[in-house]
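Summary of structural features
These are the residues of each chain, in order.
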Amino acid sequence: MEHILVIPAAVIGVAVIVLGAALGVLYLSGSPVLSLHPPSNLAPLEAPVLYAVGDFLQSDDGTQVVIVTGYNADRDSCSFQPVVVNPATGTLRILEMTSTMPCQEFRVRYPERYL
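What comes next concerns the included structure. For every chain, the first residue of its written sequence is number 1, and the numbers climb from 1 along that sequence. Residues qualify for local features only when their pLDDT is at least 70, as the model is predicted, and side-chain atom pairs are given and counted only at 80 or more; totals for whole chains, interfaces and linings, by contrast, use all residues. Where side-chain values are given, they derive from all heavy atoms of the structure, hydrogens and water being excluded.

Re the overall build of the protein
To qualify as a helix, a DSSP run of H or I must reach at least 4 residues; to qualify as a strand, a run of E must reach at least 2; elements of each kind are numbered from the N terminus. In terms of helices and strands, the protein carries two helices and six strands. Starting at the N terminus, the α and β elements of the protein follow one another as α-β-β-β-β-β-α-β. Only protein chains enter the accessibility calculation, which uses a 1.4 Å probe; a residue is then buried when its area is under 20% of its type maximum, exposed when over 50%, and partly exposed in between. Taken over 115 residues, the protein has a buried fraction of 22%.

Looking at the nonpolar core
Counting residues in each nonpolar core, the largest one holds eleven residues, listed as Tyr51, Leu57, Val66, Val68, Tyr71, Cys78, Phe80, Met101, Cys103, Phe106 and Tyr110. Broken down by secondary-structure element, the contributors of at least two residues to this core are β2 (65-72), β3 (77-86) and α2 (103-109). The criterion used for residue contact is that any of the two residues' heavy atoms lie within 4.5 Å. Sequence-distant contacts of Tyr110, defined by excluding residues within four places in its chain, comprise Tyr51, Leu57, Gln58, Ser59, Gln64, Val66, Phe80 and Met101. As used here, the term nonpolar core means buried Ala, Val, Leu, Ile, Met, Phe, Trp, Tyr and Cys residues forming a set that is joined through side-chain atoms within 4.5 Å.

Topic: the pattern of salt bridges
Only one rule defines a salt bridge in this text: a Lys or Arg side-chain nitrogen within 4 Å of an Asp or Glu carboxyl oxygen. Scanning the entire structure with this criterion turns up two salt bridges. The salt bridge involving Arg113 is made with Asp55; its shortest N-O contact spans 3.1 Å. Linking Arg113 in strand β6 (residues 112-113) with Asp55 in the loop between α1 (6-29) and β1 (56-58), this pair joins segments that are 58 residues apart in sequence. Classification of Arg113 as partly exposed rests on a relative accessible area of 45%. A residue is classified by how much of its surface remains accessible, and Asp55, at 16% relative accessible area, is buried. In this structure, the salt-bridge partner of Glu105 is Arg109, at a minimum N-O distance of 3.2 Å. Within this pair, Glu105 and its partner Arg109 are both found in helix α2, separated by four residues, close to a single helical turn. A residue is classified by how much of its surface remains accessible, and Arg109, at 38% relative accessible area, is partly exposed.

What about the environment of Thr63?
Checked against the element boundaries, Thr63 lands in the loop between β1 and β2. Taking the relative accessible area as the measure of exposure, Thr63 reaches 60% and is therefore exposed. A distance of 2.8 Å separates the side chain of Thr63 from the side chain of Asp61, its partner in a polar contact. Pairs of N or O atoms are called polar contacts if they sit within 3.5 Å, as long as, within protein, a hydrogen donor faces a hydrogen acceptor (for residues adjacent in sequence, only side-chain-to-side-chain pairs).

Okay, here's the thing in structure tokens:
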């Protein structure tokens, strides 16, 4: 009869330890609320570039489409990923490789938004 109370006490002790660890992780990970400000490596909509992050742009000769992924104000460079567009089905596929280019050159090479 003495051992019957030991097992629930052990289970309660383990539960308290697990709960404490979970609360500690939540506390250390910070608030789960999303920030209203974009990360510093992404361009806000009012950035001094013509395009915002997420814009699809077409090259001047119409052969390439890219998506803007970031803007670095310190280096005045834009990052982007190539996109394969299938006009017949209206689908697009974003390729994995990311490139960077000076913003001035980027504006010349990709002057138009792709609609």
